[in-house]
Amino acid sequence: MSGDVERLLIQFQDEGGEALGSPFDVPLDITPDKMQLVCNALLQKEEQVPLLFFVRDAEVVSSLGACVKTLGLETEQVLPVVYQPQAVFRVRAVARCTSSLQGHTEAVISVAFSPTGKYLASGSGDTTVRFWDLTTETPHHTARGHTNWVLSIAWSPDGKKLASGCKNSQILLWDPVTGQQIGKSLTGHTKWITWLCWEPLHLNPECRYLASSSKDCSVRIWDTVLGRCDKILTGHTHSVTCVKWGGDGLLYTSSQDRTIKVWRAKDGVQCRTLQGHAHWVNTLALSTDYVLRTGAFEPATATINPQDLTGSLEEIKERAMKRYNKVRGEGPERLVSGSDDFTLFLWNPAEEKKPVARLTGHQALVNEVLFSPDTRLVASASFDKSIKIWDGKTGKYLTSLRGHVGAVYQVAWSADSRLLVSGSSDSTLKVWDVKIGKLNVDLPGHADEVFAVDWSPDGQRVASGGKDKCLRLWRR
């Protein structure tokens, strides 16, 4: 009998439950590699896509038989197998510090790569915004104009402008090529600026409108061409901590009044209030954040030397729209909020005001949440020294990444969603392999707490900044 291999019928289906082909007869000891060949043949794509396979939410790792055995499933019935396409490119973990860039005279509060990864900007407590030349890894421009700490910076999705907001309630716009200010400063807020967010590229390829949130309890939408305030959204009763401009024309704001509000961007009407948190809401993340940030730039096609976006406004809008729709998929965008009450909530804000899930497990306040670029996972960073990974659709807890010995301030995903980098008050950065939930590389080097970290969308570099006033670049 040993010659007879046990067989069973499987039915491939995508994440939405759509069946691919008809049921297929396979040997029970089939490996994921062989399943990949079968599935790619059925998909009939020009190039092979790397796939992962799941049976009842459990990944098929060694063979289908092993999976069936551990789950104790019948082999008589047709077994549904879910396939998940992975990123076709791989981002390699950064392993060494290639530059330590001095220049700021106070702590570095924020670092951000432009959408194509061509430029890098940092905002600091020394009131300046600095642009750094990535080819030579040297300081490029120092943008002076603020009179107080620069708290927030945001790149327009076309990569041509950077907005910065300071503790003195001013918002300035900068040109990364010259380091000069564009237009006049946007004034109107009465307290410091907490967050900045641009209108998505596929809604307006001119990148004309900018949303800002402030400690003065309001959110403002600015027309950056005319240099004036277009709308003021009031309704929050405490400091507004974060604002996100969604891809479907909605604005999401979180506040220390414990609520999250959803607004229509075109007329500023408040659509709904999401309640549930028992303390300040610190941070928001949209499932479409990454695709909105990168706009028309596709990380899979990245070159060694990052380029600016080329093409007419129409073409750029078209490309951004295509990428957005692909990532958004069938359902509307999802929102995750993180709070001082140690919990996160997963929402479906366009459709309902009750949460999809409440994500508990952190033992201290949640400082940042981020969806992975492929929207399947959520990472949350907390003052309890851990990073937790959750399922991006259901909110189910998956794993904890432990290793930091201080509060984790910020995290950033690699463009292929396989790696995560975190910055902490213990002065180190750590790169994690998310799938196995283990530390990939430990990156010491900073002399003090690391406040800000970002991974360039082309996957080549990680930048970090913090209390030691140095900006560090990390590469493979």
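Look up: the structure comes first, before these words.
My aim in this report is to walk through the structure given alongside it, one point at a time. Numbers given to residues run from 1 along each chain, matching the order in which its sequence is written. In view of the model being predicted, local features appear only for residues whose pLDDT reaches at least 70, and side-chain atom pairs are presented and counted only at 80 or more, with totals across whole chains, interfaces and linings using the full set of residues. Heavy atoms throughout the structure, all of them, feed into the side-chain values; hydrogens and water do not.

Looking at helix α2 (residues 64–71)
The rule is simple: take the accessible area with a 1.4 Å probe, protein chains only, and divide by the maximum for that residue type; under 20% is buried, over 50% is exposed, in between is partly exposed. Working definition: helices are DSSP H or I runs of at least four residues, strands are E runs of at least two. Numbering for both runs from the N terminus. Within α2, burial applies to L64, G65, C67 and V68. One face of α2 carries all of its buried residues, which in axial projection span an arc of 165°. Of the exposed residues in α2, the ones pointing more than 90 degrees away from its buried face are K69 and T70. Whether two residues are in contact is decided by their heavy atoms: any pair within 4.5 Å suffices. For α2, the secondary structure elements touched by its buried residues are β1 (7–13), β2 (19–27), α1 (32–43), β3 (51–55), β4 (58–59) and β5 (79–85). Within this analysis, the arc is defined by the directions that extend from the helix axis to the C-beta atoms.

Details of the sheet that holds β4
Strand pairing is defined by DSSP finding a minimum of two bridges between the two strands. Reading across from one edge, β2-β1-β5-β3-β4 is the order of the five strands in this open sheet, with mixed pairing throughout. The sheet is open, and its two edges are formed by β2 and β4, each paired on a single side. Bridge analysis of β3 against β4 gives two bridges, and the strand direction is antiparallel. Pairing of F54 across the sheet is with E59, part of β4. Only C-alpha atoms enter the line fits that serve as axes; for helices the fit covers just the stretch in contact. Angles between N-to-C directions range over 0 to 180 degrees. Across the sheet, α1 is in contact with β1, β2, β3 and β5; its angle to β3 comes to roughly 105°.

As for the nonpolar core
Residues F12, F53 and L64 are the most contacted members of the largest nonpolar core, which totals 22 residues. Mapped onto this core, the elements with two or more residues apiece are β1, β2, α1, β3, α2 and β5. When residues no more than four places from it in sequence are discounted, the contact partners of L64 are L8, I10, V26, L28, I30, M35, V55, L79 and V81. Listed in part, the 18 residues of the second largest apolar core include L419, V421, V453 and W455. Note on terminology: a nonpolar core comprises buried Ala, Val, Leu, Ile, Met, Phe, Trp, Tyr and Cys residues joined through side-chain atoms within 4.5 Å.

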